[in-house]
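# Descriptive analysis of the structure
Given next are the chains, with one letter for each unit.
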Amino acid sequence: MLTRRIIRLIAAAAIGSSALLALPSLVAASCNPHRVDDNNYYWTYVGQGPGTSVGGVVSNIWNYAPYVPTGRFSYSWVMLTLNANYWAQIGNYEAVQGRSVYLQYQDGAPPAHFASFGPQPIGFSTYEVEAIGGLFSYYDAGTLVFTHSASWVPRVGQFSSEIPSLNTQMMGAINNAVDFLGNKMFYNGAWHNLAGSLTNTGSAYFGMSGTATSFATWDKACSN
Amino acid sequence: MAPPAVTNEGLYGLKRGVRSCHTSVGGSRLSRIGPRRLLSVAMGLFICCCLVGCSASLNASPLPSVQGPESGFSLVVHNVDGPPVVITVNGKVMARSVCLLESNSPAPFVIPTNDLPLPWSVAVLRADGSSMGTWVEAGNDGPRQILIRGNVAAELPADQPAGPAPASCPP
């Protein structure tokens with residue numbers, strides 16, 4: 001009888017603690033994917049080099065709030081780039097300190113430059129980078145938030161979500177994917193729909209669907 | 001972030017505690033104690049088992065002891081789209097790394113130990129032995145990374161971004 005009572009007590013404690021652990025995932029979008037910390041970068045992205053200079057990239061991105069452990073980050077962004085040392089991006093950023101709109105750029109050798117602003121609400125907002133006559137302009141929901149001059153000319157546009165380790169949630173979840181809608185690049189004097197294939201560097205862990213102009217990405221370990 | 005040092009003193013302390021637990025649960029006493037006492041004994045046994053488990057797991061995989069002043073230092077190698085490389089520290093091969101699109105392995109991550117004290121002379125070498133760069137790590141600047149993009153390796157703070165998504169690995 002005493003044994004049964006002890007078993008009941010242990011069972012009640014176990015059920016209670018698992019209910020408490022489950023509660024945050026019901027009320028918050030983020031979820032811990034419970035994967036190893038492998039220190040590897042992962043991208044779910046579309047990139048296009050139209051064979052000429054590119055003057056702008058724009059996308060309407062679903063702002064999501066993923067799980068991010070200390071020292072890591074998760075983000076969705078649009079980018080103008082020439083190569084690994086020349087790039088300019090803006091997007092939705094999550095770190096353990098909280099979510100924000102951020103921009104980063106690098107004009108040659110590292111380090112990169114970084115700036116952040118208040119977050120856009122959960123939902124869609126537009127992110128845009130333009131490069132006209134050596135002036136790089138960053139737009140957050142249609143508002144110009146930063147400019148700088150640089151001598152390089154972009155030739156590629158990229159639209160991506162990114163994490164620096166498997167222990168971090170990629171933006172989006174199975175039932176709450178991060179959409180990149182209306183993806184366009186400016187070249188040859190006009191805005192064009194983005195073309196290119198969907199590339200997922202961690203397809204075992206992350207989902208990706210749609211077309212270059214309208215695609216969705218998510219973390220397969222998370223339902224919401 | 002480097003893991004905390006594990007001292008032998010702490011482990012011995014745990015073992016002493018476990019030993020005293022065992023001596024207090026003599027088999028002959030069990031028949032003379034009541035249900036409430038039995039419940040207390042059961043809980044005591046449970047705690048002892050937990051302690052034994054902790055002690056055993058710490059003994060089974062001892063963490064490297066990290067030097068005090070430089071304990072925030074670590075070095076990770078991000079080979080995003082570079083050639084296969086070998087990373088040496090003070091002349092010893094510490095890791096090999098290939099373009100991450102062709103790798104299922106964690107990125108090489110190294111911290112100082114008693115066997116590998118700072119300062120470090122770090123080199124990144126291609127398969128043909130040619131150098132992509134050498135650096136001296138004193139360990140005073142927090143976590144660091146070597147970021148390999150294409151044919152260029154750069155030594156940077158660990159929180160610096162990797163830049164554009166890689167299109168492919170080098171041929």
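Since this is a predicted model, take the numbers as computed values, not measurements.

Take the overall build of chain B next. Along chain B, the regular secondary structure elements total 3 helices and 8 strands. The 171 residues of chain B split such that 38% are buried. A fraction of 57% describes how many contacts in chain B between residues 6 or more apart in sequence connect residues 24 or more apart. Taken as a whole, chain B presents about 9600 Å² of accessible surface, with 59% of it coming from carbon and sulfur.

All right, on to the overall build of chain A then. Broken down by element type, chain A carries 1 helix and 15 strands. A buried classification covers 48% of the 224 residues belonging to chain A. In chain A, of all internal contacts separated by at least 6 residues, the share reaching a separation of at least 24 is 67%. Split by element, the accessible area of chain A, about 9800 Å² in all, is 58% carbon and sulfur.

Contacts between the two partners involve 22 residues from chain A, matched on the other side by 23 residues from chain B. In this assembly, chain A packs against chain B so that about 1900 Å² is buried in total across both faces, 68% of it on carbon and sulfur atoms. Seen at the junction of chain A and chain B, the total is 0 salt bridges. Here chain A is connected to chain B by 7 residue pairs in polar contact (both at pLDDT 80 or more). Going through the elements one at a time, helix H1 (2-27), strand E1 (42-48), strand E3 (73-83) and strand E10 (156-163) of chain A are the ones with two or more residues in the side of chain A that touches chain B. With 5 residues, E3 of chain A is the largest single contributor of residues to the side of chain A that touches chain B.

On to the sheet that holds strand E3 (residues 92-97) of chain B. Residues and elements named next belong to chain B. If you trace the 4 strands from one edge of the open sheet to the other, you get E3-E2-E5-E6, paired in antiparallel fashion. Strand pairing shows two members of the sheet lacking a second neighbour, E3 and strand E6 (131-137), which therefore form its edges. With strand direction ignored, the average angle separating the axes of adjacent strands in the sheet is 20°. Relative to E3, strand E2 (residues 85-89) runs antiparallel, the two sharing 5 bridges. Looking at the pairing, Thr88 lines up with Val93 of E3.

This brings us to the packing of aromatic side chains. Residue and element names in this part refer to chain A. Evaluation of the coordinates by the stated rule reveals 20 aromatic pairs over all chains. With a centroid separation of 4.7 Å and an interplanar angle of 15°, the aromatic rings of Tyr75 and Tyr102 are classed as stacked. Highlighted residues: Tyr75 in strand E3 and Tyr102 in strand E5 (residues 98-107), separated in sequence by 27 residues. Residue Tyr75 is classed as buried on the basis of its relative accessible area of 1%.

Bringing the confidence of the model for chain A into the picture now. Mean pLDDT over chain A works out to 91, with 88% of the residues at or above the 70 mark. pLDDT under 50 marks residues 11-28 of chain A. Its contacts with residues more than four places away, or in other chains, come to 0 contacts.

Should the pLDDT be low somewhere, the predicted coordinates at that spot are not to be read in detail. Residues and elements named next belong to chain B. In this model, chain B carries an average pLDDT of 72, and 58% of its residues clear a pLDDT of 70 or more. Under a pLDDT of 50 for its full length, residues 48-70 has, in the predicted model, 31 contacts with residues more than four places off or in other chains. Taken over the whole predicted complex, pTM reads 0.76, whereas the ipTM for its chain interfaces reads 0.84.

Now for the state of the cysteines. All names here are of chain A. In the structure shown here, the tally under the stated rule is 2 disulfides over all chains. Covalent S-S linkage joins Cys31 and Cys222, the inter-sulfur distance amounting to 1.9 Å. With the S-S dihedral at roughly -85°, the linkage between Cys31 and Cys222 falls on the left-handed side. Here Cys31 is found in the loop between H1 and E1, whereas its partner Cys222 is found in the segment after strand E15 (214-219), with 191 residues between them in sequence.

Attention shifts here to the environment of Gln97 of chain A. Residue and element names in this part refer to chain A. Looking at where Gln97 falls in the secondary structure, it is placed in the loop between strand E4 (86-95) and E5. Gln97 sits in the exposed class, given a relative accessible area of 72%. Residues Gln97 and Val129, 32 residues apart in the sequence, show an inter-C-alpha distance of 25 Å.

Our focus in this paragraph is unusual backbone geometry. Residue and element names in this part refer to chain A. Here the amide bond leading from Pro110 into Pro111 is cis, since omega sits at 10°, within 30 degrees of zero. Relative to the assigned elements, Pro111 resides in the loop between E5 and strand E6 (113-117). The residue His34 is not glycine, and still its phi comes out positive at about 55°. Take His34: it is sitting in the loop between H1 and E1. The residue Asn188 is not glycine, and still its phi comes out positive at about 50°. Relative to the elements of secondary structure, Asn188 occurs in the loop between strand E11 (178-187) and strand E12 (190-193).

Parameters and conventions
- Residues numbered from 1 in each chain as written.
- Chains lettered and ligands numbered in written order.
- Predicted model: local features only at pLDDT ≥ 70, side-chain atom pairs only at ≥ 80, totals over all residues.
- Heavy atoms only, no water.
- Helix = DSSP H or I, 4+ residues; strand = E, 2+ residues; numbered from the N terminus.
- Buried < 20%, exposed > 50% of the residue type's maximum accessible area, 1.4 Å probe, protein only.
- Contact = heavy atoms within 4.5 Å.
- Areas by Shrake-Rupley, 256 points an atom, 1.4 Å probe, with all protein chains shown as cover.
- Buried area = accessible area lost by both parts, 1.4 Å probe.
- Salt bridge = Lys/Arg side-chain N within 4 Å of Asp/Glu carboxyl O.
- Polar contact = N/O pair within 3.5 Å; in protein donor to acceptor, adjacent residues only side chain to side chain.
- Pairing = 2+ DSSP bridges.
- Axes fitted to C-alpha atoms, helices over the stretch in contact; angles between N-to-C directions.
- Phe/Tyr/Trp six-rings, centres within 6.5 Å; stacked < 30°, edge-to-face > 60°.
- pLDDT = per-residue confidence, 0-100.
- Disulfide = S-S within 2.5 Å.

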